[in-house]
Amino acid sequence: MNVPKVLKLLHLIAVVVFLGDIVVTAVWRLLADRTREPRVIAYALRLVKITDTYLLVPSVFTLAVTGMLRAHLEGIPLWTNPALAAGQVCFMLCGVVWSQTLRPIQARQLAMAESLGAAGAAFDDYLLLTKKWFRWGILAMALAFGSMVLMVLH
């Protein structure tokens, strides 16, 4: 068994899961919000919470571990190669945006969707948070895809 190749395969699977979860989350959010139905929105946000827990977080862990192990085994300089260093920084910043901004907004919106109707000022507040979530989400997505580009094209 070729350990570096197995690590590379696991790393690539984690990339697909990681980026896929990010894109699917945005699509679910967009489609659910367009219905203006609090039950549909709450359901989508609960799905996001589940996929973040069981897909996104494990893929992040797998990416970090397999990337560092493979680099160590193959003597790849992670911090002295500018593209690889920038890719790691993008990956870490994506995690900061997700954990410090996106996740708290999602939790607040889930609580709002579970307790509020689809009309009035309360729903308008929800939609304002959605705009904020999408702005930060675009940044997180750009960082995630930027990290991939930097790592692949180094």
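Computed from a prediction, not measured in an experiment: that's the story for all the values here. (Residues numbered from 1 in each chain as written. Predicted model: local features only at pLDDT ≥ 70, side-chain atom pairs only at ≥ 80, totals over all residues. Heavy atoms only, no water.)

## Quick word on the packing of helix H1 (residues 3–35) against helix H2 (residues 38–74)
Inference 1: Between H1 and H2, the shortest axis-to-axis distance is 8 Å and the interhelical angle comes to 160 degrees. As far as their axial angle goes, H2 and H1 are roughly antiparallel. The chirality of how H1 crosses H2 is left-handed. (Axes fitted to C-alpha atoms, helices over the stretch in contact; angles between N-to-C directions. Helix = DSSP H or I, 4+ residues; strand = E, 2+ residues; numbered from the N terminus. Parallel < 35°, antiparallel > 145°, perpendicular 65-115°, else oblique. Left-handed = near helix turned anticlockwise from the far one by under 90°.)

## A word on the nonpolar core
Inference 1: Counting residues in hydrophobic clusters, the biggest one holds 29 residues, and the most contacted among them are Phe18, Ile41, Leu63, Cys94, Leu102, Tyr126 and Ala144.
Inference 2: For this core, the elements supplying multiple residues, two or more each, are H1, H2, helix H3 (82–115) and helix H4 (121–153).
Inference 3: Looking at which element gives the most residues to this core, the answer is H3, with ten residues.
Inference 4: The residues touching Ile41, leaving out its near neighbours within four places in the chain, are Ala32, Asp33, Thr35, Arg36, Ala113, Phe123 and Tyr126. (Core = buried A, V, L, I, M, F, W, Y, C linked by side-chain atoms within 4.5 Å. Buried < 20%, exposed > 50% of the residue type's maximum accessible area, 1.4 Å probe, protein only. Contact = heavy atoms within 4.5 Å.)

## Section: the environment of Met151
Inference 1: Tracing the sequence through the fold places Met151 in helix H4.
Inference 2: You can call Met151 partly exposed: its relative accessible area is 28%.
Inference 3: For Met151 and Ala140, which are eleven residues apart along the polypeptide, the C-alpha to C-alpha distance reads 17 Å.
Inference 4: Every residue in contact with Met151, bar those within four places of it in the chain, is listed here: Leu84, Gly87 and Gln88.

## Here's the deal with H3
Inference 1: Along its 34 residues, H3 runs 48 Å from first to last C-alpha, staying within 8% of the 50 Å computed at 1.5 Å per residue.
Inference 2: The principal kink in H3, of about 40 degrees, is found at Trp98.
Inference 3: For H3, the side-chain oxygen to backbone nitrogen distance between the N-cap and Ala83 is 3.0 Å, and the N-cap itself is Asn81. (Expected span 1.5 Å × (residues − 1). Bend = angle between axes of the 7 residues up to and from the residue. Polar contact = N/O pair within 3.5 Å; in protein donor to acceptor, adjacent residues only side chain to side chain.)

## Things to note about a nonpolar patch on the surface
Inference 1: On the surface, a nonpolar cluster with roughly 690 Å² of combined accessible area is contributed by Met1, Val3, Val6, Leu9, Leu10, Ile13 and Leu73.
Inference 2: No other element matches the five residues that H1 contributes to the nonpolar patch.
Inference 3: Within the fold, Leu10 resides in helix H1.
Inference 4: The exposure class of Leu10 is partly exposed, given its relative accessible area of 40%. (Patch = residues over 30% accessible without salt bridge, like charges linked within 9 Å, V, L, I, M, F, W, Y side chains within 5 Å. Areas by Shrake-Rupley, 256 points an atom, 1.4 Å probe, with all protein chains shown as cover. Salt bridge = Lys/Arg side-chain N within 4 Å of Asp/Glu carboxyl O.)

## Here's the deal with unusual backbone geometry
Inference 1: Non-glycine residue Arg36 carries a positive phi angle of around 60 degrees.
Inference 2: Inspection of the secondary structure assignment puts Arg36 in the loop between H1 and H2.

## A word on the packing of H1 against H3
Inference 1: Running from N to C, H1 and H3 cross one another at 30 degrees; their axes reach a closest spacing of 14 Å. On the basis of the axis angle, H1 is roughly parallel to H3. In this structure, H1 meets H3 at a crossing whose hand is left-handed. Between H1 and H3, the contacting residues are Phe18, Thr25 and Arg29 on the first element and Phe91, Cys94, Gln106 and Gln109 on the second.
Inference 2: In terms of residue class, the contact of H1 with H3 is made up of three nonpolar, three polar and one charged. (Nonpolar A, V, L, I, M, F, W, Y, C, P; charged D, E, K, R; others polar.)

## Side note on the packing of aromatic side chains
For any pair of aromatic rings, the description rests on two quantities: the centre-to-centre distance and the angle between the ring planes.
Inference 1: Counted according to the given criterion, the structure contains three aromatic pairs.
Inference 2: Ring centres of Phe123 and Tyr126 lie 5.6 Å apart, and the angle between their planes is 15 degrees; this geometry places the pair in the stacked category. On the criterion of helical spacing, the pair formed by Phe123 and Tyr126 is a turn pair, its members being three residues apart in helix H4. Tyr126 carries the same exposure label as Phe123, and that label is buried.
Inference 3: Above the ring of Trp133, the side-chain terminus of Arg29 is found at 4.3 Å from the ring centroid. (Phe/Tyr/Trp six-rings, centres within 6.5 Å; stacked < 30°, edge-to-face > 60°. Lys NZ or Arg CZ within 6 Å of the ring centre and 35° of its normal.)

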